[in-house]
Amino acid sequence: MQIVNKDDALSFNQPTFSAKPIWGSNGITFANQLIVGQDPRAIFVNTNNTVYVANQENSTIVIWQEKSVSPTKIIPGNFAESYSLFVTSNGDIYIDDGEENGRVQRWSTETNTFATVMNVNSSCSGLFVDINDTLYCSMYDHYQVVKRSLNDAVMTSNRVAAGTGSPGSAPNQLKYAAGIFVDVNLDLYVADCGNHRVQLFQSGELNGITVAGNTSPNPTITVDCPSGIVLDAEKYLFIVDLSTSRIIGSGLNGFRCLVGCYGQGSQSNQLKDPFSLSFDRAGNIFVTDRSNNRIQKFLLMNDSFVLSFNQPKFCPNATWNFNGIAFANRSIVGQWPRAIFVNTNNTIYVANRENNTIVIWHEQSVNPAKIIPGNFTEPNSLFVTSNGDIYIDDSEKNGRVQKWIAETNVFVTVMNVNSSCSGLFVDINDNLYCSMPNRNQVVKRSLNDPLTTSNRVAAGIGIGGSASNHLNLPRGIFVDVNLDLYVADCYNNRVQLFQSKESNGITVAGSPSLHPAITLNCPTEIILDAEKYLFIVDQLHGRIVGSSLNGFRCLFGCYGKGSQSNQLSNPSSLSFDSYGNIFVTDSLNHRIQKFLSMKDSCGKY
């Protein structure tokens, strides 16, 4: 293993993130075309949070010091069409000048002059200087990565780091190599655009290992022309996926989309042909958004926004025991239980509609650990935030949503509504959502707004219908980290996805969907797992259905309604625990059923 000397301090940021970091889905335009020109590709953020961008239009390097809104320095040069740059810890800037002039230049911070440091016969889509002062150039059109020691006086001393120079998909080949990253072990990562994969070439090896893409040992996400690659402090991968115009990242639970997750565009939550990314010290992401001629900054959400509910990661053929365990019966949860929530500590919350209480079990407890009496009536839904506050529907008769404050043990009104809330949800920006079945609409309000009547429309026009902007008896709701809203649209027998700030929904489950694989009959709840696959309570069929890489399938309750252990009768809502077990409110059976995840069905997830 390579020992890193103090003199070899890394010049770029490799933050340490929580198990499931979240970035705001709406980017901030850090710089537009007036500043960075057309088609910006090269960006670098150093450990002092100084931002460097190559302006291809006027052959300059634009520099911002930390917290500065306007550029603090602009360095003119005689380079052309620069695709990449790299800044070392002493402030020297290496910039691609290979497309027309066949070279890499270095701007010396000591002398304020440019000098040629590498001769190449291609543009460098990626540049990197490793801890041993070796300079790497990724040659897109020559299907190869070359390197040379900056301590070698001979300018033509390039050696092959990866690729044969001929396009191909074999382990020793590359096809349109783009961004590169070299870790402290001198292992080289290459965004192999034309092969739709990321290759790892371990130090001294010419055969690569696919670590992202269809041919990787554990393919969990598809990439389409990856162009940029960065590793965090834990060696998790963050990839610019150029052709799908999104940023994806890996973590403990595998890969997931982080930003730009629903197609390319020019809105604040979209990208168009992004090329490279860089972290600042706080873990915010800077992206060169090429075809929008801008630099976008996506903010890392604070730990206070940590998710309170479980989103397990499952394999494509995951199964659950068909026979449920009666976790709680009518004597504990009353008649017609509807609302359930399981938090990340595996604490279970159920609303008892008969005696207006919230019943709570701690992990592995058989009997309730706590019962909270309230002045609510016939609650249909509840939601628990990471600080333990409980939001509960009290709208049927009292026209409000209440919050039980964990710190003070008191209830307060946090939303006024004119319908029951069949679904409640609090998103990562502290917006509270209420799904109003009797009003055919979902409304929301910021919990940071002191006015409890400051409701805004999130989905539906308030008139029942089946058009893309209509809802008909909406029930359960789910809001993901990109602020996209999923609605169980009961009477339309579908699940609708309303992307952030969009009023027209997309049918993602049910017969009118783009890929109808399952028929629904009044869906009442929707949850997404770690891979954004859907799990749906299909109420009038008396079953739970789920999607995966292989499409939709029935999970349990698949042979008609009933009261046996393998049956459900008008189930209403569901929640995962951290092990992937599923808890269901089995309303007409007046019980809570627990269906155990069969871990042996596909190994560890």
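Conventions and cut-offs
Residues numbered from 1 in each chain as written. Predicted model: local features only at pLDDT ≥ 70, side-chain atom pairs only at ≥ 80, totals over all residues. Heavy atoms only, no water. Buried < 20%, exposed > 50% of the residue type's maximum accessible area, 1.4 Å probe, protein only. Helix = DSSP H or I, 4+ residues; strand = E, 2+ residues; numbered from the N terminus. Pairing = 2+ DSSP bridges. Domains from an automatic or database assignment. Contact = heavy atoms within 4.5 Å. Salt bridge = Lys/Arg side-chain N within 4 Å of Asp/Glu carboxyl O. Polar contact = N/O pair within 3.5 Å; in protein donor to acceptor, adjacent residues only side chain to side chain. Core = buried A, V, L, I, M, F, W, Y, C linked by side-chain atoms within 4.5 Å. UniProt positions renumbered as here; feature names shortened; annotations may be inferred. Axes fitted to C-alpha atoms, helices over the stretch in contact; angles between N-to-C directions. Disulfide = S-S within 2.5 Å. Phe/Tyr/Trp six-rings, centres within 6.5 Å; stacked < 30°, edge-to-face > 60°. Lys NZ or Arg CZ within 6 Å of the ring centre and 35° of its normal.

For the protein chain, an unreviewed UniProt entry supplies the name NHL repeat containing protein-like protein and the organism Adineta steineri.

Here we take up the pairing of strand β19 (residues 237-241). Within β19, 5 of the 5 residues are buried, which leaves the element mostly enclosed by the surrounding structure. Alignment of strand β18 (residues 226-231) against β19, held across 5 bridges, turns out to be antiparallel. Each residue of the ladder has a partner; that of glycine 228, found in β19, is valine 240. Counted between consecutive antiparallel strands, the loop separating β18 from β19 contains 5 residues, among which lysine 235 sits at a positive phi close to 70°. The sheet contact formed by β19 and strand β20 (residues 246-251) spans 4 bridges and is antiparallel. Directly across from isoleucine 239, in β20, lies its bridge partner isoleucine 248. The turn linking β19 back onto β20 is made up of 4 residues, and serine 245 within it adopts a positive phi angle of 55°.

When cut into domains, the protein chain gives domain 1 (24-301) and domain 2 (319-598). A straight line from the C-alpha centre of domain 1 to that of domain 2 covers 42 Å. Taken together, the contact pairs 12 residues of domain 1 with 15 residues of domain 2. There are 0 salt bridges connecting domain 1 and domain 2. In this assembly, domain 1 and domain 2 are joined by 0 residue pairs in polar contact (both at pLDDT 80 or more).

Glancing now at the nonpolar core. Counting 73 residues, the largest nonpolar core has Trp320, Val442, Leu485, Ile536 and Phe556 as the members making the most contacts within it. Beyond its immediate chain neighbours, meaning those up to four positions away, leucine 485 contacts Tyr433, Val442, Ala458, Ala459, Ile477, Phe478, Val479, Gln496, Leu497 and Phe498. Tyr52, Val104, Val230 and Ile248 belong to the second largest nonpolar core, which has 71 residues in total.

One can find valine 223 in the loop between β17 (209-213) and β18. Other than its neighbours up to four places away in sequence, valine 223 contacts His196, Arg197, Ala212, Gly213, Asp241 and Ile248.

Let's shift gears to the UniProt feature "repeat: NHL" (unreviewed entry) in the protein chain. Taken from the UniProt record, the annotation "repeat: NHL" (unreviewed entry) applies to residues 165-204, 270-301, 461-501 and 561-598. Taken end to end, residues 461-501 comprises 0% helix and 39% strand; its first and last C-alpha atoms sit 14 Å apart.

As a general point, the strands of a sheet are linked pairwise by backbone hydrogen bonds and lie either parallel or antiparallel. Taken together, the 4 strands give an open sheet; going across it, the order is β1-β24-β23-β22, and neighbouring strands pair in antiparallel fashion. Both edges of this open sheet fall to β1 (28-31) and β22 (274-279), since each of them pairs with a single strand only. Neighbour-to-neighbour, the strand axes of this sheet turn through a mean angle of 30°, independent of strand direction.

Quick look at the state of the cysteines now. Throughout this description, disulfide means a covalent bond between two cysteine sulfur atoms. Summed over the entire model, instances satisfying the criterion amount to 6 disulfides. Here cysteine 257 engages in a disulfide with cysteine 261; their sulfurs sit 2.1 Å apart. In this structure the cystine formed by cysteine 257 and cysteine 261 twists about its S-S bond by roughly -100°; its chirality is therefore left-handed. For cysteine 257, a relative accessible area of 13% puts it in the buried group. The exposure class of cysteine 261 is buried, given its relative accessible area of 19%. Between the sulfur atoms of cysteine 490 and its disulfide partner cysteine 522 the distance amounts to 1.8 Å. Negative torsions about the S-S bond denote left-handed disulfides, and the value of about -95° found for cysteine 490 with cysteine 522 makes this one left-handed. In this pair, cysteine 490 sits in the loop between β40 (485-489) and β41 (494-498) while cysteine 522 sits in the loop between β42 (506-510) and β43 (523-528), placing the two residues 32 residues apart along the sequence.

Strand order in the open sheet formed by 4 strands is β26-β49-β48-β47, with antiparallel pairing between adjacent strands. The two strands at the open ends of the sheet, each matched to only one other strand, are β26 (325-328) and β47 (571-576). Sheet twist, expressed as the mean angle between neighbouring strand axes with direction ignored, is 30°.

Attention now moves to the packing of aromatic side chains. Taken as a whole and judged by the stated rule, the model has 31 aromatic pairs. Ring geometry for phenylalanine 12 versus phenylalanine 128: centroids 5.5 Å apart, planes at 65°, classification edge-to-face. In this pair, phenylalanine 12 is assigned in the segment before β1 and phenylalanine 128 in strand β10 (residues 124-129), connecting sequence segments 116 residues apart. Across the pair, exposure class does not vary: phenylalanine 12 and phenylalanine 128 are buried alike. Arranged with centres 5.4 Å apart and planes meeting at 85°, the rings of phenylalanine 327 and phenylalanine 583 form a pair that is edge-to-face. Placement of the pair is phenylalanine 327 in strand β26 and phenylalanine 583 in strand β48 (residues 582-586), with a sequence separation of 256 residues. Grouping residues by exposure puts phenylalanine 327 and phenylalanine 583 together as buried. An aromatic cluster of at least three residues, connected via ring pairs, comprises Phe12, Phe44, Phe86, Phe128 and Phe181. Directly above the aromatic system of tyrosine 83 lies the positively charged group of arginine 41, at a separation of 4.1 Å from the ring centroid. Over the ring of phenylalanine 275 we find arginine 41, and its NZ or CZ is 5.3 Å from the ring centre.

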